[in-house]
Amino acid sequence: MSGGQIKGGTSLGRVRGLGSAKHGSQHWLTQRITALGNVILFSWLFVSLLLGDLTQYSAVRGWVAEPMVALPLILLILSVFWHFKLGLQVLIEDYVHGDAARIVALVALNFYVFAGAAYGIFAVARIALTGTTAA
Amino acid sequence: MNMAGNRPISPHLQVYKWGPHMLVSILHRASGDGLAIVGSLMFLWWLGAIAGGEASYQAFLNIIWQAAPAAPVAAPGAVPDAVAAQTSLSVTNWIGRIILVGLTWAFFQHFFSGLRHFVLDTGAGYALKTNKLWSMIVVISALMATAAVWLFILGRAIGGAGA
């Protein structure tokens, strides 16, 4: 380690200037914050779905249309899609080898996450803003 | 180059001795990825079906859960049992229910395992016996919670008329 005879310098010398300082913990921290959001929001959603009757359309729609349901649902979509973007990103970085394949997979992941979250938020907004009776 | 060739490389899955800590780690990733891919699609499908109106929601139910009864049977002496009045389950209903059971398990596994990670983040729970114990508790409680939820759903379907 201390020798430094290897071409390209010491281990420290070779990594200097390559990594961005101060942002190293961003991914880790965001994953934890969204995880906490998921704990709260999914506890609520899971119990609500379990206690309700999901086969009754008007009841389900009326429930989603309530402001204090639609709003947490939108927060849940933001939290969970962000969280799983971070999780799948790590999976891709670990298992998809080769620069081209990895970049394609990461771009596809980003497209899916944004498109999926937008679809979900739009669906909730449409339900909430068009009322309980609109078809 | 020279250095990289001589360095010890990390042993991989086949040379590790399986243990609860390792199982819970790989299950955390597997359940998380399952939820992210299958769970998110199911969730978006459900939301889109609600937004699309009653017909689209019924189409969703027909595929995933169960087809609606064809028509209200008004025959005298008809079986009052709601379960009997409904149509039988199709292949996709069975697949849908198996996926839902799987998602329920993945949800609890990832949830409990995630709570374990919050504890580990504080620096606690790394002693060998403690780590092993809580890894086992996570796996077992996820299975038990999944069983409890589906027994509850099953019990309501059989016991309650509304299903």
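A quick note: this is a predicted structure, and the numbers were derived from the prediction, not measured.

A. Molecular detail of the overall build of chain B. Across its full length, chain B holds six helices and zero strands. Element order for chain B, N to C, with α for helix and β for strand: α-α-α-α-α-α. Looking at chain B as a whole, 32% of its 163 residues are labelled buried. By sequence separation, contacts in chain B at least 24 residues apart represent 67% of the contacts at least 6 residues apart. Of the roughly 10000 Å² that chain B leaves accessible, carbon and sulfur atoms contribute 74%.

B. Structural detail: the overall build of chain A. Secondary structure assignment for chain A yields five helices and zero strands. Counting over 135 residues, chain A shows a buried share of 30%. Taking the intrachain contacts of chain A between residues at least 6 apart in sequence as the baseline, contacts between residues at least 24 apart amount to 72%. Of the roughly 8300 Å² of accessible surface on chain A, a fraction of 70% belongs to carbon and sulfur atoms.

C. View of helix 5 (residues 99-129) of chain A. Taking 1.5 Å per residue as the helical rise, helix 5 of chain A with its 31 residues ought to reach 45 Å, and the 44 Å between its terminal C-alpha atoms agrees with that figure. Among the residues making up helix 5 of chain A, those that are buried are L109, V113, G116, A117, G120, A123, V124 and I127 of chain A. Looking at the buried positions of helix 5 of chain A, the neighbouring elements they touch are helix 3 (57-65) and helix 4 (67-95) of chain A together with helix 2 (20-52) of chain B.

D. Seen up close, the confidence of the model for chain A. Residues and elements named next belong to chain A. Per-residue confidence for chain A averages 89 on the pLDDT scale, and 87% of its residues sit at or above 70. Looking across chain A, the model is least confident in helix 1 (residues 11-15), with a mean pLDDT of 76, and most confident in helix 5, with 97. Low pLDDT, under 50, characterises residues 1-5; the stretch is placed with four contacts to residues that sit more than four places away or in other chains.

E. Highlighting the interface of chain B and chain A. Facing the 35 residues of chain B at the interface are 44 residues of chain A. Counting the surface lost from both chain B and chain A, the interface buries some 3200 Å², and carbon and sulfur atoms represent 72% of this. The tally of links between chain B and chain A comes to two salt bridges. Listing elements by their share of the side of chain B that touches chain A, those giving two or more residues are helix 2, helix 3 (54-64), helix 5 (91-121) and helix 6 (128-159) of chain B. Of all the elements, helix 2 of chain B adds the most residues to the side of chain B that touches chain A, at 15 residues. Taken together, the residues that form the side of chain B that touches chain A break down as 23 nonpolar, seven polar and five charged.

Rules and cut-offs
- Residues numbered from 1 in each chain as written.
- Chains lettered and ligands numbered in written order.
- Predicted model: local features only at pLDDT ≥ 70, side-chain atom pairs only at ≥ 80, totals over all residues.
- Heavy atoms only, no water.
- Helix = DSSP H or I, 4+ residues; strand = E, 2+ residues; numbered from the N terminus.
- Buried < 20%, exposed > 50% of the residue type's maximum accessible area, 1.4 Å probe, protein only.
- Contact = heavy atoms within 4.5 Å.
- Areas by Shrake-Rupley, 256 points an atom, 1.4 Å probe, with all protein chains shown as cover.
- Expected span 1.5 Å × (residues − 1).
- pLDDT = per-residue confidence, 0-100.
- Buried area = accessible area lost by both parts, 1.4 Å probe.
- Salt bridge = Lys/Arg side-chain N within 4 Å of Asp/Glu carboxyl O.
- Nonpolar A, V, L, I, M, F, W, Y, C, P; charged D, E, K, R; others polar.

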